Amino acid sequence: MTMFLPWRPVLLAGGPVPAIATSVTEAETLELQRLAADATQALEVGSAFGYSAIAMALAGAHVISVDPHAELGSHPVTGSLAVMRGNLDAYGVADRVTMLVEPSQTALPKLEPGSYDLIFIDGDHVEGTVIHDVEWALKLLRPSGWLCCHDLDEGTCPGVRAALDRLFDHPQPTVDTLFTYQLPA
Ligand SMILES: C[S@@+](CC[C@H](N)C(=O)[O-])C[C@H]1O[C@@H](n2cnc3c(N)ncnc32)[C@H](O)[C@@H]1O
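The structure reproduced in this document is the subject of the present report.

Calculation criteria
- Residues numbered from 1 in each chain as written.
- Predicted model: local features only at pLDDT ≥ 70, side-chain atom pairs only at ≥ 80, totals over all residues.
- Helix = DSSP H or I, 4+ residues; strand = E, 2+ residues; numbered from the N terminus.
- Rg over C-alpha atoms; globule rule 2.2 N^0.38 Å.
- Buried ≥ 20, exposed ≤ 12 C-beta atoms within 10 Å, placed from the backbone.
- Contact = placed C-beta atoms within 7 Å.
- Arc of directions from axis to C-beta.
- Pairing = 2+ DSSP bridges.
- Axes fitted to C-alpha atoms, helices over the stretch in contact; angles between N-to-C directions.
- Core = buried A, V, L, I, M, F, W, Y, C linked by C-beta atoms within 7 Å.
- Right-handed = clockwise from strand over helix to strand, strands pointing away.

1. Let's talk about the overall build of the protein
Scanning the protein from N- to C-terminus turns up six helices and eight strands. Ordered by position from N to C terminus, the α and β elements of the protein give β-β-α-β-α-β-α-β-α-β-α-β-α-β. Against the globule reference of 16 Å for 185 residues, the protein gives a C-alpha radius of gyration of 15 Å, in line with a compact fold. Referenced to the eigenvectors of the C-alpha coordinate spread, the extents of the protein come out at roughly 45 × 35 × 30 Å. In the protein, buried positions account for 46% of the 185 residues. Long-range contacts, defined here as pairs at least 24 residues apart, represent 68% of the contacts in the protein between residues at least 6 apart.

2. Concerning helix α6 (residues 158–167)
If you check which residues of α6 are buried, you get Val160, Arg161, Ala163 and Leu164. In an axial view of α6, the angular spread of the buried residues amounts to 165 degrees, which keeps them on one side of the axis. Residues of α6 that are buried make contact with α5 (127–140), β7 (141–149) and β8 (179–182).

3. Focus on the sheet that holds β7
In space, the six strands of this open sheet follow the order β5-β4-β3-β6-β7-β8, with mixed pairing throughout. Lying at the two open borders of the sheet, with one neighbouring strand each, are β5 (97–100) and β8. Each adjacent strand pair in this sheet contributes to an overall mean axis angle of 15 degrees, direction not counted. The pairing of strand β3 (residues 41–45) with strand β4 (residues 62–66) spans five bridges and is classified as parallel. Residue pairing in the sheet places glutamine 41 in a bridge with histidine 62 of β4.

4. Observations regarding unusual backbone geometry
A positive phi angle is found at histidine 69, which is not glycine, with a value near 50 degrees. With respect to the helices and strands, histidine 69 occurs in the loop between β4 and α3 (80–90). The exposure class of histidine 69 is buried, given the 22 C-beta atoms found within 10 Å. Located in the positive-phi region is serine 144, a residue other than glycine, with phi close to 70 degrees.

5. Overview of the nonpolar core
Counting 54 residues, the largest nonpolar core has Ala42, Ile54, Met56, Leu118 and Ile119 as its most contacted members. Apart from residues lying up to four places away in sequence, isoleucine 119 is in contact with Leu43, Ala137, Leu140, Leu141 and Leu147.

6. A closer look at the pairing of β3
The buried fraction of β3 amounts to four of the five residues, a majority that puts the element mostly inside the structure. Chirality of the crossover, the property in question, places the unit of β3, helix α2 (residues 51–58) and β4 among those that are right-handed. In terms of strand pairing, β3 meets strand β6 (residues 116–121) through four bridges, oriented parallel. Looking at the pairing, leucine 43 lines up with isoleucine 119 of β6.

7. A look at the environment of leucine 5
Take leucine 5: it is sitting in the segment before β1 (8–10). Each C-alpha atom, one on leucine 5 and one on serine 23, is 5.6 Å from the other, the two residues being 18 residues apart in sequence. For leucine 5, the residues in contact, after removing those within four places along its chain, are Ser23, Thr25, Glu154 and Thr177.

Take a look at the structure:
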């Protein structure tokens, strides 16, 4: 079923913290946090203003966040670098999120294979880049680690469906537009 996910400000905690602009839904957030609670090392491709990185860090994971913050890709965002840094401080997770400010094409080949418990792909949503990011994620995950891809069957992101159809057998979202896949042990 096709969904259209609106960008809107979301609060990830109570107290004096800023709302963070995102299109990740509440149900997708809960699923990411459920997986992040069992993860020591998480990796994210596509961070924007920091919502998903902060959600995973609040659940207990250390997160490597990869985003050039340079208005690139199919869904460019503006001014995200300074806003994300401010959000990491405001939510008290700056020491649990390591920002790699570069595109996935240069960042992922430098990371240690087989060392991530959870990888969330939400970067450039064109087919070729999603294939690139997922193929690298499958190398970087440890056995039994979890891959999550955002925007499967989101109406403005046909490249995600095209890419996942080439890589998996009949992929379907588990929650809203979130595709999840566990690497074999
Ligand atoms: C949909 S937003 C990410 C939303 C974020 N995950 C959240 O929780 O709200 C997509 C992000 O991907 C980034 N991006 C674009 N091309 C990229 C690439 N090649 N590698 C990594 N990130 C990329 C953009 O800069 C943008 O911030």
